[in-house]
Amino acid sequence: MTITEKAKRSGEKLRQKKPRRIIKCIACLLLGFVLGTGSVLEGLRPFGVAAVAVSKKRYFLFTALGAAAGALLYGLNGMTARYLCAVVLAALGALVAAAFEVSVKPAFSVSVSFFAVLLTGLVLDVRTDAAATQYILTLGEAILAGGAAFFFHRSLSANVHRLRWTALPLQDVICLTVSASVVLMNLSALKIGVVCPARIAAVLLVLCATRFFGAQKGVVLALAFGFALSLADVQALFTVGALAFSVTVGALFLPLSAFAVGAGFLVSLAFFCIAAGESALPLFIDGAVGTLAFVLLPMRLQDRLEELADRQRDEPSDGSLRQSLVLKLRVASSAMAAVSESVEQVREKINELTRRDHEALRDTVSEEEYLRRELVWERTNRIRMVASDQFFSIADMLEDLAFEFDEAEIFNASASSRIRALLSEYEIYPLNISVIEDQYSRMRVEILADGGAVGLDNPRLSQEIGKICARYFERGRLTYFKNETMLSFTERPGYRLSVGFAQHSAEGHLCGDTVKVMQDGRGHSILMISDGMGKGSRAALDGAMGAGLLAKLIHAGFGFDSALKVVNCALLVKSNDESLATLDIANVDLFTGKCELLKAGAPAGYILKDGAVSKCELTSMPAGILRGIEFARRTAVLTPGASLVLMSDGVSEIGEEALYEQFGAFALYEPQECADRLIAAAKERCDPAHMDDMSVIVARLEENEGR
C-alpha cells in the first residue's frame, strides 16, 4: 500500500469518526440536561453532578454544560448556585481523571461526585443557618450522588459492544438497569400535555426486552422502571404492578407475533387503568403510544436486536483463537518453568557435592591436578547452566501448540457466552472461557478464573455445562497456577481403560522403574513405564525424572517428540556419570480405540485381541545417551475386550514362551490380577542373583457405560 493510499484511508476513517463524535457530544449534552433537571425526594438533584463526574475524556465538558443548563431551569437562587458549583467541581474532577488516567476504577469518580455535592451542600446549609435535619438530608443527597456515580461508571465500562446482554456479568446487568431507571426517572419530569416520553420509552424498552431477551428480563426491567417512575410521582405507585403484570400477560403470546405481545400487554394495562380511575388515563395513553412504537419497529432495528439475542450469531470475546492460544502458551510456559527449576535444583545439588569433593582432595593431590579438576568442573557446570536456560526458549514446542490451535480446532463462541451466563448464577466470574472442538468434533471446555475464585469444584457444573453444549462431560479438572486457576471439562468418550499395574524391586524397597497412568484432557489415556539404568535408588532417580518430566510436558499440551527432546537433554546434563532411562508409552484414543505405541529403548509390548497375541518390538535408543534421539512408533486399533501389556526388561527376560503362557489366562482375570500374576511368574523364573527391577501395566479397553 502506497503512502497516498494510506493517507486516503486515514482521511476516510477520520471523516467516519467525526459524525459519531458529534452525535456523542450532543447525547452527552442532552443527558446532562435531563439529569440536571430531574429531582427526587422533594427537590434533590444529585444525578447531573454524578453524570459529569463519570464522563469520559472529550465529553465531560458537554455533560457539564447540559447539567448546568438543567440546573438553571429552576431560576437563579441559592440552590441553583449550589448545584452549579457542584457541577464545576465535578467537571474539574473529570478533568483530573482524564489528565492522570485515574478513572479506570469507580472509586475516584464516586469520591468526586460525593464530595462535590456534600461540600457545596454544607456551605449552603451553614450560610442559611439550616436545621439539623437539613444537614442529614445533605449527607443523604451526597450518598445518593456517589451511588449514582458508581452505577453510571460501571454501565459505561460494561463491554456491551463485544458481549450479548445475556452474557454480561450479573453486576453489569444490574448497573445498566439501575442507570437506565435513573435516566427515565429524571426524564419523567418532562411532559407534553398529558404525554410522558419517559413512560413511553419505558414501555418500549420493556416490550423489546420481553420479545428479544425473554420474559424474565422483561419482568425485571418492568419492575425496575416502574419503581423509578413511581419515585418521581409517588401518587402513581400502581405503575410498578401495572407494568410488571402486563408484561407477564404479553409474554404469554411470545410464540405468536409482536402484535400479539403488544395487544396482550395493552389489554392488561387497560384493566389496571380502569381500576385506578381517571388519574391513570395518562399511563394508558403512554402505554398505547409505546406499544404502537414496539409493533412498528423498523425491520432493520428488529434484525439488530435479534442479532444481539441470537446465540448462533453472537460474537463474544470468550474462546477467540487469540485468547485461547495465549491461554495455552501460558500453560506451556508454566510447565517449562517447572522443568527448568527442576534441572536447576539438580544442578545446584551436584555443584554442592562436587565442590565438597574438590575441597576434600585439595591436600591429597598436586596443585596442577587440583586446577585441572577445577577447570573440568567449571566447564561441566557451565554446560548444565546453558541447558537449564534453554528450557525457556524451546521454539519447536511452542510451534507444536501454535499449529494445533491454528489448524485443528474450532471455537464455539455461542456456547462460551452461555456458559458465562451460567457461571454468573453460581457467582463465578471467569477471566476467559474457551469451548473447543477438535477436527473430529470432540469438545472440551476450559475456564480460566482468578486464583481466589470459589465454587469451581461444584460437581453440578459438569452436568449444567453438558446441557449447554449438548455433550456428556467428565468431572471437571482443576489446574492451579500462581495467580489463576483453570477448570477444564473433557467430553466423555465411548470407551474407557481398565488398568492394573504391578512392580517388584530387585534391590531394597525402591524400584528403579516408574509407572504412570494419565489422561491428557483430550480423550486420550496415556500409559508409561520409565526404566532407569541399573537398579535401586540410582535407577529410581533416572526413571522418575524421565517419566515425571515427560508427564508434565504432555499434560501441558506438548507433543511426544518435543517432550522427548527435553527429557533427553535433562538426562544428558543431570550427572557426570552415564545416566539413561528407557521410555515405553501407549497413547490410547478412548473415542476410537486407536492405540499409538512409542518406544525409546524399551522392550517389546503385546496386544491381546480376539484370542491372538501381537508383539510390538521396535528398535530405538533410550534417553540420556546421545543427542537427537527419537521415538520408534507403531499404531494399532483396540476393540472392546482387547488388552494391552507394557513391561520393563526385568519381566521380558523370562522369555516369550513363559509370557504367552500367562497371556493365555488373561481373559479369566481383571487387569490388576493379570499384572500381579505376571510379576509373580517373572519372580519365579528369574535367577535371584541376576534379578532386575520389574514393572507391568495391563490395560483392557471397555465400553463406557456412563454415556
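Report on the accompanying structure.

**Remarks on helix 2 (residues 47–54)**
In an α-helix there are 3.6 residues to a turn, and that puts residues three or four apart on one side. Across the 8 residues that make up helix 2, a large majority, 8, are buried. Taken residue by residue, helix 2 has Phe 47, Gly 48, Val 49, Ala 50, Ala 51, Val 52, Ala 53 and Val 54 as its buried positions.

**Some words on the nonpolar core**
Leu 550, Leu 583, Ile 585 and Phe 631 are the most contacted members of the largest nonpolar core, which totals 31 residues. Contributing elements (two or more residues each) for this core: helix 14 (321–361), strand 8 (524–532), helix 19 (537–556), helix 20 (560–572), strand 9 (581–589) and strand 10 (594–600). Considering each element in turn, this core owes the most residues, 8 residues, to helix 19. Leu 550 has contacts with Met 528, Ala 563, Leu 564, Val 567, Leu 583 and Ile 585, leaving out every residue within four places of it along the chain.

**Quick notes on the sheet that holds strand 8**
Pairing is antiparallel across the open sheet formed by 5 strands, whose spatial order is 7-8-9-10-13. Two strands bound the open sheet, and with one partner strand each, they are strand 7 (513–519) and strand 13 (632–637). Across the sheet, the mean angle from the axis of one strand to that of its neighbour is 15°, orientation sign disregarded. Pairing between strand 7 and strand 8: 7 bridges, direction antiparallel. The partner of Gln 519 across the bridge, within strand 8, is Ser 525.

**Observations concerning the packing of helix 2 against helix 6 (residues 132–157)**
Where helix 2 meets helix 6, the closest approach of the two axes is 8 Å, and the angle between their N-to-C directions is 45°. Considered as vectors, helix 2 and helix 6 are oriented oblique to each other. The hand of the helix 2/helix 6 crossing is right-handed. Between helix 2 and helix 6, the residues in contact are Phe 47, Ala 50, Ala 51 and Val 54 and Leu 144, Ala 145, Ala 148, Ala 149, Phe 152, His 153 and Leu 156, respectively. Each residue belonging to the contact of helix 2 with helix 6 can be placed in one class, and the counts come to 10 nonpolar, 1 polar and no charged.

**Things to note about the packing of aromatic side chains**
One pass over the full model with this rule turns up 7 aromatic pairs. Here the aromatic rings of Phe 150 and Phe 151 are separated by 5.7 Å at their centres, their planes lie at 70°, and the arrangement is edge-to-face. Given the relative accessible area of 32%, Phe 150 is considered partly exposed. Here Arg 82 stacks its cationic end above the ring of Tyr 83, 4.7 Å away from the centre of that ring.

**Concerning the sheet that holds strand 14 (residues 643–647)**
Two strands in a sheet stick together by hydrogen bonds in their backbones, pointing the same way (parallel) or opposite ways (antiparallel). A sheet is described by the order of its strands in space; here 5 strands give the open sequence 6-15-14-11-12, paired in antiparallel fashion. Two strands bound the open sheet, and with one partner strand each, they are strand 6 (495–504) and strand 12 (612–616). Across the sheet, the axes of successive neighbouring strands diverge by a mean angle of 15°, strand direction being ignored. Bridge analysis of strand 14 against strand 15 (residues 694–703) gives 5 bridges, and the strand direction is antiparallel. Note on strand 15: the bridge partner recorded for Val 645 is Val 698. Contacts from helix 22 (residues 656–663) reach strand 11 (605–609), strand 12 and strand 14 within the one sheet, and its direction differs from that of strand 11 by about 35°. Across the sheet, helix 23 (residues 671–685) lies against strand 6, strand 14 and strand 15, angled at about 25° from strand 6, the strand it touches most.

**Comments concerning the pattern of salt bridges**
Under the criterion given, the structure shown has 14 salt bridges. In this structure, Glu 596 and Arg 633 form a salt bridge, with 2.7 Å as the shortest nitrogen-oxygen distance. Residue Glu 596 is located in strand 10, and its partner Arg 633 is located in strand 13; the two are separated by 37 residues in the primary sequence. We classify Arg 633 as partly exposed; its relative accessible area is 36%. Residue Lys 615 pairs with Glu 656 through a salt bridge whose shortest N-O separation is 2.2 Å. Here Lys 615, found in strand 12, pairs with Glu 656, found in helix 22; they are 41 residues apart in sequence, far enough to count as distant. The partly exposed category is assigned to Lys 615, whose relative accessible area is 30%. If you follow the salt bridges from partner to partner, you end up with Glu 437, Arg 471 and Glu 491 in one network.

How each quantity is defined
- Sequence order as written defines the numbering, with residues in each chain counted from 1.
- The predicted origin of the model limits local features to residues at a pLDDT of at least 70 and limits the giving and counting of side-chain atom pairs to 80 or more, whereas totals for whole chains, interfaces and linings rest on all residues.
- Excluded from the side-chain calculation are hydrogens and water; included are all heavy atoms of the structure.
- Burial classes follow relative accessibility: with a 1.4 Å probe on protein chains only, a residue under 20% of its type's maximum area counts as buried, one over 50% as exposed, and anything between as partly exposed.
- Numbering goes from the N terminus for both helices and strands, where a helix is a DSSP run of H or I of at least four residues and a strand is a run of E of at least two.
- Residues belong to one nonpolar core when they are buried, are Ala, Val, Leu, Ile, Met, Phe, Trp, Tyr or Cys, and are joined through side-chain atoms within 4.5 Å.
- In this analysis, two residues are considered to be in contact whenever any of their non-hydrogen atoms come within 4.5 Å of each other.
- The pairing criterion is simple: DSSP has to find at least two bridges between the two strands.
- What counts as an axis is a line fitted to C-alpha atoms, over the stretch in contact for a helix, and the angles between N-to-C directions run from 0 to 180 degrees.
- For classification purposes, an angle smaller than 35 degrees is called roughly parallel, one larger than 145 roughly antiparallel, one from 65 to 115 roughly perpendicular, and anything else oblique.
- Helix crossings are classified by the rotation of the near helix relative to the far one: an anticlockwise turn of less than a right angle makes the crossing left-handed, while a clockwise turn makes it right-handed.
- Ten residues, namely Ala, Val, Leu, Ile, Met, Phe, Trp, Tyr, Cys and Pro, are considered nonpolar, four, namely Asp, Glu, Lys and Arg, are considered charged, and the remaining ones, Gly among them, are considered polar.
- Paired rings are identified among Phe, Tyr and Trp, the last through its six-membered ring, by centres lying within 6.5 Å, and are further divided according to the angle between planes into stacked (under 30 degrees), edge-to-face (over 60) and tilted (the rest).
- Lysine and arginine charges are scored as sitting over a ring when NZ or CZ, respectively, is within 6 Å of the ring centre and within 35 degrees of the ring normal.
- Here, a salt bridge means any side-chain nitrogen of Lys or Arg that lies within 4 Å of a carboxyl oxygen of Asp or Glu.

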